[in-house]
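Here are the chains, one letter per residue:
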Amino acid sequence: MSIIDYALKGNLKRFDQNLKKISKKTGKNIWSLRFKFLNSFRVLGCGYSDFLNYELYDKTKEELLEYVSIKDQDKFYEIVSPSKYKSEFSYKPNFLKNFKKYISRDFFVDEGEDKLKEFLSKHEYFMIKPYDGLGGHNVEKMCSKDITDIKSFYERIKKERLFLEEYVIQHPDIAKICDTSVNTIRIMTFSYNGKSEILFAGMRFGNGEASVDNFHQGGMAVLVNIKTGELVGQAFNKKLEYFDSHPKSKIKFDGYQIPNWNKIKKLVLEASLNSDHIHAIGWDVAVTNDGGTFIEANRRAGYDLVQVLSKRGRKDIMKHCLDIVNENEGTNYKI
């Protein structure tokens, strides 16, 4: 998909309706908002959703230039996490096997019908997922006793390229907020020359109805204080609705402490050193009684969550990483 195709992907009529709502709410002239979008598209290659999600209509030129675009991500990740090594992470069965040391749950990846029977006999509940995919699509929580025809089920998972994972039992302090989904922390790390660091952390929660916490499935996210592991401020969802507390449990987000935060930080900092080729990683971590466990990891962690939660452009993260690469390799990479 070209940058123009990406930027203009979406419903123009609905986008313009949203601009009219913003115009009414802010008093900004509708034509100035339309012009601001065209300028943002010219400068960043941003799409309709980017313009709305980042509230670019309210940013100065200097602020606008600090936002990470898809074009920036393409360039950045090809330097620090080259696509030729993407199978280490994007192909989820590979990730489960490569990082088994850090994953405290059982999984099944097309090991034969007998192994499938064994897996189902051991686990009352499990998650079924595609080998590769984004946004929580085609991810489902299932109950083993509902599988009445194992042979047909086995044929289905082979045909649709699906794998099974033992259902994660999350820490009760996290389940208190939302118990219908496994709620995960997105932690972005950067590693180079044997050193690793955490660049950003945000926590996602399900909406109390869906079985996953992903934005595209109605989930919401809230910023995490990297130093303390406390949730910071309000949560928001894909519709840019803001929540002081979870809509179902009514538990306030701001100041809520993530259990075992120091153990989780140690987990991601150690694991991020395991790949010689992929330096920038977005980890999805579930909080458990013993610490944390990986749900998955992303070679190309998106910046939408990062920038909306930060309420500003985060090109500074990329610049910091490239400064380290340039210093070590004598290169002059820029974003």
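See the structure above.
Computed from a predicted structure; not experimentally measured. (Residues numbered from 1 in each chain as written. Predicted model: local features only at pLDDT ≥ 70, side-chain atom pairs only at ≥ 80, totals over all residues. Heavy atoms only, no water.)

**Describing the overall build of the chain**
The helix and strand tally for the chain stands at 13 helices and 11 strands. Relative to its length of 335 residues, the chain is compact, with a C-alpha radius of gyration of 21 Å against a globular reference of 20 Å. For the C-alpha atoms alone, the extent of the chain along its principal axes is close to 65 × 50 × 40 Å. Looking at the chain as a whole, 50% of its 335 residues qualify as buried. Long-range contacts, defined as pairs at least 24 residues apart, comprise 62% of the intrachain contacts of the chain with a sequence gap of at least 6. Surface exposure of the chain reaches about 17,000 Å², of which carbon and sulfur atoms provide 48%. Each charge class in the chain was averaged separately, 54 positive and 46 negative side chains, and the resulting centres sit 5 Å apart. (Helix = DSSP H or I, 4+ residues; strand = E, 2+ residues; numbered from the N terminus. Rg over C-alpha atoms; globule rule 2.2 N^0.38 Å. Buried < 20%, exposed > 50% of the residue type's maximum accessible area, 1.4 Å probe, protein only. Contact = heavy atoms within 4.5 Å. Areas by Shrake-Rupley, 256 points an atom, 1.4 Å probe, with all protein chains shown as cover. Lys, Arg positive; Asp, Glu negative; His and termini not counted. Charge placed at Lys NZ, Arg CZ, Asp CG, Glu CD.)

**So, the sheet that holds strand E11 (residues 292-298)**
One open sheet accounts for seven strands, arranged E9-E8-E7-E6-E5-E10-E11; its pairing is antiparallel. The open sheet is flanked by strand E9 (242-243) and E11, the only strands paired with a single partner. Here strand E10 (residues 280-287) runs beside E11; their pairing, made up of six bridges, is antiparallel. Across the sheet, valine 285 pairs through a bridge with phenylalanine 294, a residue of E11. Each of strand E5 (184-192) and strand E6 (195-205) touches helix H13 (residues 315-329); the most contacted strand, E5, lies at about 25° to it. (Pairing = 2+ DSSP bridges. Axes fitted to C-alpha atoms, helices over the stretch in contact; angles between N-to-C directions.)

**Considering the sheet that holds strand E1 (residues 107-108)**
Reading across from one edge, E1-E4-E2-E3 is the order of the four strands in this open sheet, with antiparallel pairing throughout. Because the sheet does not close on itself, it has two edges, and the strands there are E1 and strand E3 (140-143). Across five bridges, strand E2 (residues 125-130) lies against strand E4 (residues 162-166) in antiparallel orientation. Note on E4: the bridge partner recorded for isoleucine 128 is leucine 164.

**Digging into helix H11 (residues 261-271)**
Listed in full, the buried residues belonging to H11 are Trp261, Ile264, Lys265, Leu267, Val268 and Ala271. All buried residues of H11 lie within an arc of 160° about the axis, which places them on one face of the element. Opposite the buried face of H11, at more than 90 degrees from it, the exposed residues are Asn262, Lys263 and Lys266. (Arc of directions from axis to C-beta.)

**Re helix H2 (residues 12-26)**
The end-to-end C-alpha separation of H2 is 21 Å, in line with the 21 Å expected for 15 residues at 1.5 Å each. Glycine 27 sits one or two positions beyond H2 and adopts a positive phi of about 85°. (Expected span 1.5 Å × (residues − 1).)

**Some remarks on the pairing of E11**
Across the seven residues that make up E11, a large majority, six, are buried. Two successive antiparallel strands, E10 and E11, enclose a turn made up of four residues, where glycine 291 displays a positive phi of approximately 150°.

**Let's talk about the packing of aromatic side chains**
The tally for this structure, following the rule as stated, stands at 22 aromatic pairs. Aromatic side chains phenylalanine 190 and tyrosine 192 sit 6.2 Å apart centroid to centroid with 5° between the ring planes, which places their arrangement in the stacked category. Given the relative accessible area of 1%, phenylalanine 190 is considered buried. For tyrosine 192, a relative accessible area of 11% gives the class buried. Grouping aromatic residues by their ring pairs yields a cluster made of Phe15, Phe37, Tyr48, Phe51 and Tyr57. Sitting above the plane of the tryptophan 31 ring, arginine 34 keeps its charged end 4.4 Å from the centroid. Lying over the aromatic face of tyrosine 167, lysine 141 brings its terminal NZ or CZ to 4.2 Å of the ring centre. (Phe/Tyr/Trp six-rings, centres within 6.5 Å; stacked < 30°, edge-to-face > 60°. Lys NZ or Arg CZ within 6 Å of the ring centre and 35° of its normal.)

**So, the nonpolar core**
Phe51, Phe76 and Tyr303 are the most contacted members of the largest nonpolar core, which has 40 residues in total. Among the secondary structure elements, those contributing two or more residues to this core are H2, helix H3 (30-44), helix H4 (48-53), helix H6 (70-80), E5, E6, helix H12 (304-310) and H13. It is H13 that contributes the most residues to this core, five residues altogether. When sequence neighbours within four positions are dropped, the list of residues in contact with tyrosine 303 reads Tyr54, Val68, Gln73, Phe76, Tyr77, Met188, Arg314, Ile317 and Met318. Residues Phe99, Ile198, Met203 and Val287 belong to the second largest nonpolar core, which totals 39 residues. (Core = buried A, V, L, I, M, F, W, Y, C linked by side-chain atoms within 4.5 Å.)

**A word on the side chain of asparagine 298**
Relative to the helices and strands, asparagine 298 resides in strand E11. Residue class for asparagine 298 comes out buried when judged on its relative accessible area of 13%. The contact partners of asparagine 298, leaving out residues within four places of it in the chain, are Arg186, Ala280, Ile281, Gly282 and Asp284.

**Remarks on the packing of H6 against H13**
The contact between H6 and H13 brings their axes to 11 Å, and the two run at 30°. With respect to H13, the axis of H6 lies roughly parallel. Considering only the axes of H6 and H13, their crossing is left-handed. Contact residues: Asp72, Gln73, Phe76, Ile79 and Val80 in H6; Lys315, Met318, Cys321, Leu322 and Val325 in H13. Of the residues contributing to the contact of H6 with H13, the split by class is seven nonpolar, one polar and two charged. (Parallel < 35°, antiparallel > 145°, perpendicular 65-115°, else oblique. Left-handed = near helix turned anticlockwise from the far one by under 90°. Nonpolar A, V, L, I, M, F, W, Y, C, P; charged D, E, K, R; others polar.)

**Section: the state of the cysteines**
Applying the stated rule across the entire model yields zero disulfides. We note that cysteine 143 lacks a disulfide partner, and the nearest cysteine sulfur, in cysteine 178, lies 19 Å from it. Given the relative accessible area of 8%, cysteine 143 is considered buried. (Disulfide = S-S within 2.5 Å.)

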